[in-house]
Amino acid sequence: AETDTVAQYIQAVLAPLGFQLRLERLSIPAYVDRMQRGSYDMVLMGFVATTDDATGVLNFWFDPAKAGVDNPARYHNPTVARLITEAANEPDTVRRAALHRQIAIRVNADLPYIYLQQTHVANVVRRDLAGYRLDPIRPLEVDVLALRRR
């Protein structure tokens, strides 16, 4: 699988630097248990944002109260936690964006994660096509049976 290839690549790249990685494939229950207990040194994972609201993404990666399956780095910065709460409750979009910028600056300085890849998916639809629905979990899958000409 693709994840195995990525894990093996990371293992090979880090070996000359003195890191001896032992790769493990876990069942979902075993994975959740390990994540909740924090019983790991490194984890390779992916994330698909299902919302355009930054709060959900920020809470997932950086909320210290959610350390475990969410916040796998067990990142804890009280200032960032406070800014996330402030931003989530800020109705003014300009002030909210400024809070998000502050969060990004602090998190990038702390570097709790190393991002290996960022994928962007672009979907193009013709004006005379109806029935198209973007699924944020599976952006490349299209229900062709639902498509029809207007």
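Here, the structure is the one placed above.
Residues numbered from 1 in each chain as written. Predicted model: local features only at pLDDT ≥ 70, side-chain atom pairs only at ≥ 80, totals over all residues. Heavy atoms only, no water.

J.: I'd like to hear about unusual backbone geometry, residue by residue, with values.
T.: Here Asn71, not a glycine, exhibits a phi torsion of approximately 50 degrees, which is positive. The class of Asn71 is buried, set by a relative accessible area of 0%. Its identity as a non-glycine residue notwithstanding, Leu111 has a phi of 50 degrees, on the positive side. Take Leu111: it is sitting in the loop between helix H5 (93-110) and strand S1 (129-130). Judged by its relative accessible area of 55%, Leu111 is exposed. (Buried < 20%, exposed > 50% of the residue type's maximum accessible area, 1.4 Å probe, protein only. Helix = DSSP H or I, 4+ residues; strand = E, 2+ residues; numbered from the N terminus.)

J.: Residues and numbers for the packing of helix H3 (residues 54-62) against helix H4 (residues 78-88), please.
T.: Interaxial distance between H3 and H4 falls to 10 Å at its minimum, and their mutual angle equals 160 degrees. As summarised for this structure, H3 and H4 are arranged roughly antiparallel, according to the angle between their axes. In terms of crossing hand, the pair formed by H3 and H4 is left-handed. Across from Thr55, Leu58, Asn59 and Phe62 in H3, the residues of H4 making contact are Val80, Ile84 and Ala88. (Axes fitted to C-alpha atoms, helices over the stretch in contact; angles between N-to-C directions. Parallel < 35°, antiparallel > 145°, perpendicular 65-115°, else oblique. Left-handed = near helix turned anticlockwise from the far one by under 90°. Contact = heavy atoms within 4.5 Å.)

J.: Account for the side chain of Asn71, with residues named and values stated.
T.: Relative to the elements of secondary structure, Asn71 occurs in the loop between H3 and H4. Looking at Asn71, its side chain comes within polar contact range of the main-chain nitrogen of Tyr75, at 2.9 Å. Not counting residues up to four positions away in its chain, the partners in contact with Asn71 are Phe60, Trp61, Phe62, Asp63, Pro64, Lys66 and Tyr113. (Polar contact = N/O pair within 3.5 Å; in protein donor to acceptor, adjacent residues only side chain to side chain.)

J.: Explain the packing of aromatic side chains to me, using residue names and the numbers behind them.
T.: All chains considered together, the criterion is met by four aromatic pairs. Geometrically, the ring pair formed by Phe60 and Trp61 is edge-to-face, given 4.9 Å between the ring centres and 85 degrees between the ring planes. Taken individually, Phe60 and Trp61 each receive the classification buried, so the pair is uniform in this respect. With a centroid separation of 5.6 Å and an interplanar angle of 75 degrees, the aromatic rings of Phe62 and Tyr75 are classed as edge-to-face. Separated by 13 residues along the polypeptide, Phe62 in helix H3 and Tyr75 in the loop between H3 and H4 bring together distant segments of the chain. We classify Phe62 as buried; its relative accessible area is 7%. Members of the aromatic cluster, joined through ring pairs, are Phe60, Trp61, Phe62, Tyr75 and Tyr113. (Phe/Tyr/Trp six-rings, centres within 6.5 Å; stacked < 30°, edge-to-face > 60°.)

Shape descriptors only; they carry no functional weight alone.
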